[in-house]
Amino acid sequence: MELEKLIQEDLKNAMKSKDAVKLAAVRAIKAAILLAKTSEGASGELTDADIVKIIQKLVKQRKESAQQYSDAGRDELAQNELAEAAAMDPYLPRQLSEAEVEVILKEIIAKVGASAPSDMGKVMGVATKQLAGQADGRLISTLVKKLLS
């Protein structure tokens, strides 16, 4: 719940400072949180971990949109998307480097007892839970494949 309060405070501050990019980013986060709280089957409460997942999804969407805009030659729109993604980054936990992720994955592989590419499912299950919010799923998958082959 603390993260949601921080987001609310930042929304007020962005309005006061007339920071259009920060305001758009924080409003998008606030809207996604409200949608998640009121969606069918939701309990109406979100943990900080749930909010982090929502923000990660929003950042990923912005980066993908920026790439599409760049490919289409619309650099001004791409810059806006990247600026919003950057404004959302402070709410996310620090991302681990590839080397740090590889060290953790080696520990997980040893703990699970995986030795062949067919054990990838076992490793991925543990790794995605342990590295949630700290590393991209594609990076985890790529490194697990590399380490198991």
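Before reading further, recall that the structure is shown in the block above.
Cut-offs used in this document
Residues numbered from 1 in each chain as written. Predicted model: local features only at pLDDT ≥ 70, side-chain atom pairs only at ≥ 80, totals over all residues. Heavy atoms only, no water. Core = buried A, V, L, I, M, F, W, Y, C linked by side-chain atoms within 4.5 Å. Buried < 20%, exposed > 50% of the residue type's maximum accessible area, 1.4 Å probe, protein only. Helix = DSSP H or I, 4+ residues; strand = E, 2+ residues; numbered from the N terminus. Contact = heavy atoms within 4.5 Å. Axes fitted to C-alpha atoms, helices over the stretch in contact; angles between N-to-C directions. Parallel < 35°, antiparallel > 145°, perpendicular 65-115°, else oblique. Left-handed = near helix turned anticlockwise from the far one by under 90°. Nonpolar A, V, L, I, M, F, W, Y, C, P; charged D, E, K, R; others polar. Expected span 1.5 Å × (residues − 1). Arc of directions from axis to C-beta.

Engineer: Would you take a moment to explain the nonpolar core for this structure?
Structural biologist: What tends to happen in soluble globular proteins is that the nonpolar side chains get buried as a cluster. Ranked by size, the top nonpolar core spans 23 residues in total, and within it Ile7, Ile29, Ile55 and Met88 carry the most contacts. Take this core: its biggest share by element is seven residues, from helix α2 (residues 20–38). Discounting residues that sit within four places of it in the chain, Met88 has contacts with Ala25, Ala28, Ile29, Ile55, Leu58, Val59 and Arg62. One finds Val101, Ile109, Met120 and Leu148 within the second-largest nonpolar core, a separate group that totals 17 residues.

Engineer: I tried to follow the packing of helix α5 (residues 98–112) against helix α6 (residues 120–130) on my own but got confused; where do I start?
Structural biologist: When two helices pack together, their arrangement is captured by the angle between the axes and the distance separating the axes. Contact geometry of α5 with α6 gives a least axis separation of 10 Å together with a crossing angle of 130°. As summarised for this structure, α5 and α6 are arranged oblique, according to the angle between their axes. The element α5 and its partner α6 pack so that their crossing is right-handed. The segment α5 lies against α6, with Ile104, Leu105, Ile108, Ile109, Lys111 and Val112 engaging Lys122, Val123, Val126, Ala127 and Gln130. Taken together, the residues of the contact of α5 with α6 sort by class into eight nonpolar, one polar and two charged.

Engineer: Can you help me understand α5 in this one?
Structural biologist: Spacing of three or four residues puts side chains on the same side of an α-helix, whose turn is 3.6 residues. The terminal C-alpha atoms of α5 lie 21 Å apart, and with 15 residues this matches the ideal 21 Å at 1.5 Å per residue to within 8%. Inspection of α5 places Val101, Glu102, Ile104, Leu105, Ile108 and Ile109 among the buried residues, and these make up the whole buried set. The buried residues of α5 occupy an angular sector of 165° when projected down its axis, which confines them to one face. In this structure, α5 carries Ala99, Glu107, Ala110 and Lys111 as exposed residues pointing more than 90 degrees from its buried face. On its buried face, α5 sits against α6 and α7 (137–148).

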